[in-house]
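# A closer look at the structure
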Protein chains: 4
Amino acid sequence: MTAETGIAKGRVETLIDGIYAIAMTLLVLTIDVPTVPQGVSPDAALPALILGLDDQVLACAIAFLVLTGFWRAHEEIFQHLSRINRTFLNLNLIVLLCTVFVPFTTSLVADYSSSRLAVDLFALNLGVIGLLFAGQWIYISRSPELLHAPLQDGVLRRGLLRSLSTTIAAVAAMLIAVTMPISANWGYLLIPLILAVSNRLPYR
Amino acid sequence: MTAETGIAKGRVETLIDGIYAIAMTLLVLTIDVPTVPQGVSPDAALPALILGLDDQVLACAIAFLVLTGFWRAHEEIFQHLSRINRTFLNLNLIVLLCTVFVPFTTSLVADYSSSRLAVDLFALNLGVIGLLFAGQWIYISRSPELLHAPLQDGVLRRGLLRSLSTTIAAVAAMLIAVTMPISANWGYLLIPLILAVSNRLPYR
Amino acid sequence: MTAETGIAKGRVETLIDGIYAIAMTLLVLTIDVPTVPQGVSPDAALPALILGLDDQVLACAIAFLVLTGFWRAHEEIFQHLSRINRTFLNLNLIVLLCTVFVPFTTSLVADYSSSRLAVDLFALNLGVIGLLFAGQWIYISRSPELLHAPLQDGVLRRGLLRSLSTTIAAVAAMLIAVTMPISANWGYLLIPLILAVSNRLPYR
Amino acid sequence: MTAETGIAKGRVETLIDGIYAIAMTLLVLTIDVPTVPQGVSPDAALPALILGLDDQVLACAIAFLVLTGFWRAHEEIFQHLSRINRTFLNLNLIVLLCTVFVPFTTSLVADYSSSRLAVDLFALNLGVIGLLFAGQWIYISRSPELLHAPLQDGVLRRGLLRSLSTTIAAVAAMLIAVTMPISANWGYLLIPLILAVSNRLPYR
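Residues numbered from 1 in each chain as written. Chains lettered and ligands numbered in written order. Predicted model: local features only at pLDDT ≥ 70, side-chain atom pairs only at ≥ 80, totals over all residues.

### Quick word on the overall build of chain A
Check the secondary structure of chain A and you find eight helices and zero strands. Walking chain A from its N terminus toward its C terminus, one meets helices and strands in the order α-α-α-α-α-α-α-α. Its C-alpha atoms give chain A principal-axis dimensions of roughly 75 × 35 × 25 Å. Put simply, chain A has 204 residues, and 47% of those count as buried. (Helix = DSSP H or I, 4+ residues; strand = E, 2+ residues; numbered from the N terminus. Buried ≥ 20, exposed ≤ 12 C-beta atoms within 10 Å, placed from the backbone.)

### Some words on the relation of the copies chain A and chain C
Here chain A sits on chain C after a turn of 90° about the axis and a move of 0.0 Å along it, with an RMSD of 0.0 Å. The two molecules are tied by a four-fold rotation axis, judged by turn and shift. Among all residues of chain A, the one whose C-alpha sits closest to the rotation axis is Gly18 of chain A, at a distance of 4.3 Å. (Least-squares fit on C-alpha atoms with pLDDT ≥ 70 in both.)

### Quick look at the interface of chain B and chain D
With 31 residues of chain B at the contact, the number on the chain D side is 29 residues. Of all the elements in the fold, those that place two or more residues in the side of chain B that touches chain D are helix H1 (9–26), helix H2 (42–51) and helix H3 (54–80) of chain B. Counting residues per element, the side of chain B that touches chain D draws most heavily on H1 of chain B, at nine residues. Its residues assigned to classes, the side of chain B that touches chain D comprises 19 nonpolar, six polar and six charged. (Contact = placed C-beta atoms within 7 Å. Nonpolar A, V, L, I, M, F, W, Y, C, P; charged D, E, K, R; others polar.)

### Looking at the packing of helix H2 (residues 42–51) of chain A against helix H6 (residues 116–141) of chain B
Interaxial distance between H2 of chain A and H6 of chain B falls to 8 Å at its minimum, and their mutual angle equals 45°. It follows from the interaxial angle that H2 of chain A and H6 of chain B lie oblique. Contacts between H2 of chain A and H6 of chain B involve Asp43, Leu46, Pro47 and Ile50 of chain A on the former and, on the latter, Arg116, Leu117 and Ala118 of chain B. Split by residue class, the contact of H2 of chain A with H6 of chain B holds five nonpolar, no polar and two charged. (Axes fitted to C-alpha atoms, helices over the stretch in contact; angles between N-to-C directions. Parallel < 35°, antiparallel > 145°, perpendicular 65-115°, else oblique.)

### A short note on the interface of chain A and chain C
Taken together, the contacts link 29 residues of chain A with 31 residues of chain C. No other element matches helix H1 (residues 9–26) of chain A, which puts eight residues into the side of chain A that touches chain C. Looking at side-chain class alone, the side of chain A that touches chain C contains 19 nonpolar, seven polar and three charged residues.

### Observations concerning the relation of the copies chain B and chain D
Superposition of chain B onto chain D requires a rotation of 90° combined with a translation of 0.0 Å along the rotation axis, giving an RMSD of 0.0 Å. Little of the interface of chain B is mirrored in chain D: 10% of its interface residues are interface residues there too.

### Structural notes on the confidence of the model for chain A
Residue and element names in this part refer to chain A. When the pLDDT values of chain A are averaged, the result is 91; 97% of them are 70 or greater. Looking over chain A, one finds the lowest element-wise mean pLDDT in H2, namely 87, and the highest in helix H6 (residues 116–141), namely 96. Interface predicted TM-score (ipTM) for the complex: 0.90; the corresponding pTM is 0.93. (pLDDT = per-residue confidence, 0-100.)

### Points about helix H7 (residues 153–179) of chain A
Residue and element names in this part refer to chain A. Over its 27 residues, H7 runs 39 Å from end to end, which matches the ideal 39 Å to within 8%, given 1.5 Å per residue. When the local axis directions of H7 are compared, the greatest deviation, roughly 30°, occurs at Leu164. Close packing links the buried residues of H7 with helix H3 (54–80), H6 and helix H8 (190–198). (Expected span 1.5 Å × (residues − 1). Bend = angle between axes of the 7 residues up to and from the residue.)

What follows is the structure, given as structure tokens:
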């Protein structure tokens, strides 16, 4: 006979909150403090150098906002759970593994915003996390033994739509990148749009 | 009919505490460990190199103390809340987005303390966060459904004054920077002054 | 007469969760954002540069997954404890000291994946942590005064096997490294294998 | 009439635990991953380069262990408190400000272990934190309104001795540094010695 130790839900939450807090704060290390060449007055050189950081600041802000969305997804899913099993924990750890790569892919797209490859890797990273969250919603909808109450159809539909909003936006970014890599990140504007729609969906 | 999942207040608090803890600790990465040129004795070179870090240490200490003030503001506001809604969460996430930029603008002003632009960006970053906290106080004062008890006028007034103390000090720093950028950060001495006044205000 | 202040279990958990969250997120700083030489088009140079990161990404993913395993070990052990004493806290702090070195040894093996020394130091770091966890299981099995209920033999055996899975895999990696350092990290595939076995062991 | 909002003890604890977790994990960034010169085989060059990291590893380990001691001091003090007031919070924030500097002074002493100035700054940083903890013990012993129960003399004496152990060791390190800066950090061996004595002191 085999059994399984229950997993302390509270500690998984602390780990997740910690990793998101750190990943979100590390993003800013993506932005290089500009180096004014020796012999040049900082006041003369800095304005142009700082304006040149626009791609980095934009990438950082997008990644931050997408990460807040993912954190919200964790938080929403955990609200429905009364307990956690090993499969669900492992799903979460894979999400977290993908999440700690976000500062790296953000850094890549921040430094090489005109490269289609950099745009695609950033989009792939975010898009896969979106898919994994959709997978979590489906998994818990089929695991009533983990839930406070059976998941209503509306809640599942809304959770899936919100999770996939990032994946859809990532695909859009990759499509834009085919012709205009530098403008690809505007594709992420689809996320707030889809979220706004999801907030109007009936709950049941 | 649409509804809204409640948001776990405790997890938002953990995320905020985590981001502040990290941002406050990352500040010190602002300070470069000096590099003694090869062939020079460290004991001969270090004293001057370390004294040359004064701007960086000062910027780091100011940013740390201002961040503790912001953290206190979060903590005070959350004490009045019995629950959180989506709008309030979004307000907080915007504050956090601005907060993760603080190590960057601190680094900028630490490296270019004589540049008016660097001083202004640092002040702008802090000043905007102050405004956003004032916005949070106003928002919760008008959202009694989120509160344990209706907000007393004195509490609101004190919260606003404390939030805006940073904005006022940031404006002062920008004004000083017009003529003496290198001395601008003394403007932040206004914050403890205003806080001391706020502690004497009647509570109702 | 001497006495001992009880130690707040919840705070030790927060410290552990925090350190693991940070160490897991810092791993990604191991991966250098590639620098495209000036005058070369990013789109031309990036693909090869990014493919060249395979060792770093692999090392980062392995270290992440091993750290999640260690975090799980902490979490499992703490579930059995009703209180903590000084000896147990000290054991944990030594584990944490070894844990904060993981991003460093990961970085080493990521940069020098063909060096036997780098492989050995990474394996030593992980293997020692595995041993220390085995030590924790033995310590708590002999300290019934710390436990909710006496540890069942099956739980102890399973805990030991899971802790030592990393040590066994680390020894395997070191053995592979004698002839093929670059392939040594495949030794860590033993961990999921041993964990899968441990999940089939009888619980009592 | 003025009043004071109570301060959420739990959130101060989360902030402290977070900052300690981060500072303890950042220490390892103190250790530079060695760079093998181009054209040299890593296996030939790495052993000497890694052995050359001994000062950095030692400084990192000492700082880690001292920080665990400080974290323990926070944890012990908070166990006696039923609530927190503004003065006590401010004392803690000053301790935290000094704490976030520890990775910097550690980095300094790690890179320049033979420099008396570096040794002194590291010792000063740690020694001042020890003094501030002694100050916290005295403050709470005189603020019975914050405590679950009046502080026993033995508890206060033990708390003071443990807090000052770091200060005493730091002074010892500075004295050793007068003649042998490179051996100064052995002075910190006084800390476990003093702690061992403190554990034998009568509790009342």
